[in-house]
Amino acid sequence: MVVGGRGDAYLGGGRFTCDVSGTDVTRLGPMEAVDIRGRGIDYRITNVGPVPGSEAFLLTSDEGAVLYDSGYGFCGPALVGNIRRVLGGRKLDSVLITHSHYDHILGSAHCIREWPDAEVVASRHTSEVIAKDSARRTMRGMDASAAKLHGVAGYEDLTDSLRVDRIVSEGDRVEAGGFGFVVHEYPGHTLCSIGFHCPEERFLLSCETLGLYVGKGAMSPTYLVGYGMTLDSIDRAMGLDVDVMLLPHAGVAAGRCRDLLESSRRAAVSWAEEIMEADRRGEGIEGILGMMKRNHYTGYVRGIQPEAAFDLNARYMIPMIIRELGQSRFRMARH
Ligand SMILES: [Zn+2]
């Protein structure tokens, strides 16, 4: 398999090709792309998200165009502009949503206004979340905070026009953009998280349950709702044939993707062990948070994740781990 890329920040502004024998991760900044000569089709993956944090990846082939996640709501008009720039006069066929968090789904409302025939695909749980007034209110509030952080005011909010056209569950097949994807449910980050795997292309559209890429071949866990279910999700993903993996918020991994998933699993287990040891020492949530930050919020991670986001995730994660593993210690031994 050959992967070619182009871009400015990471790839020196030129095109490159490389034979991939290890795992090669290409981070994609706004409007950076990689070209992939696949087993059956050639395709391009472009990060059409306008700002960091609002990543959205457009898959284009001769057969069509698919958007994978859609970023912040306040970035919607810029997202649509970026997609239009890539597609020219072609239309967007599908929007695949990995989970219902505002930074993954809100941009889709702008896309379906521009391309009303585009099919939005998500899990049943995601469709139930967006139907709730309270959930939409939370999303709108978080989007407003992100907009403020980016110095954006007076944007159009389309949260109330979010929709899911096709509800999918484990094993469903989704034909989109020339790919035949099989849906896999990967609960752990949220209950609604799903991934899409194209067996013919050995191509996996990952989701945050399978880990957040934090640079230098390392993954961080993002389990917010369940520890055991996260390990189970990663284990099932490791059972798939994967040569190319699209990593949320990051870019494209090619080569030995199983290694990345294995390192994600190891990180998930060791973070849980750290939390449980600190809990046994009697440190409270704040003490454990401080320790996690000293151990894991360093160097590269600081550059890609705001401290507030790390804190927010950790405040969900720490009590979840203590609740789940504190009740039955034998589970720690089992993993
Ligand atoms: Zn999320």
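It should be noted that the structure appears before, not after, this text.
So, here is what we can say about the structure in this document. Residue positions are counted from 1 within each chain, in the order its sequence is given. With pLDDT at 70 or above as the cut-off, local features in this predicted model cover only qualifying residues; side-chain atom pairs require 80 or more to be listed or tallied, and sums for whole chains, interfaces and linings still use all residues.

**So, the nonpolar core**
So, step 1. A set of buried Ala, Val, Leu, Ile, Met, Phe, Trp, Tyr and Cys residues, joined to one another through C-beta atoms within 7 Å, is what we call a nonpolar core. As a rule, residues whose C-beta atom has 12 or fewer other C-beta atoms within 10 Å are exposed, those with 20 or more are buried, and those in between are partly exposed; C-beta atoms are placed from the backbone. By size, the foremost hydrophobic cluster in this structure holds 94 residues, and its most contacted members are I45, L67, L96 and M245.
So, step 2. Sort the elements by how many residues they give to this core and helix α7 (residues 257–280) lands first, with eight residues.
So, step 3. In this description, a residue-residue contact is defined by the distance between C-beta atoms placed from the backbone, which must lie within 7 Å. Excluding residues that lie within four positions of it along the chain, L96 makes contacts with V66, Y68, V121, A176, F196 and L205. Here a helix means four or more residues in a row that DSSP labels H or I, a strand means two or more in a row labelled E, and each is numbered from the N terminus.

**Section: the pairing of strand β11 (residues 173–176)**
So, step 1. For two strands to be treated as a pair, DSSP must find at least two bridges joining them. Relative to strand β12 (residues 179–185), β11 runs antiparallel, the two sharing four bridges. Bridging from a neighbouring strand, E175 pairs with G180 of β12.
So, step 2. Adjacent in sequence and paired antiparallel, β11 and β12 are bridged by two residues, among which G177 carries a positive phi angle near 60°.

**Quick word on helix α8 (residues 285–296)**
So, step 1. Here α8 contains 12 residues, and its C-alpha end-to-end distance of 16 Å stays within 8% of the 16 Å for a straight helix at 1.5 Å per residue.
So, step 2. Looking only at α8, the buried set comprises I288, L289 and M292. Buried residues in α8, looked at end-on, bunch into an arc of 100°, giving them a common side. Relative to its buried face, α8 has exposed residues pointing more than 90 degrees away, namely E286 and R294. A helix's residues, less one, multiplied by 1.5 Å, set its expected span. Arc definition: directions from the helix axis to the C-beta atoms.

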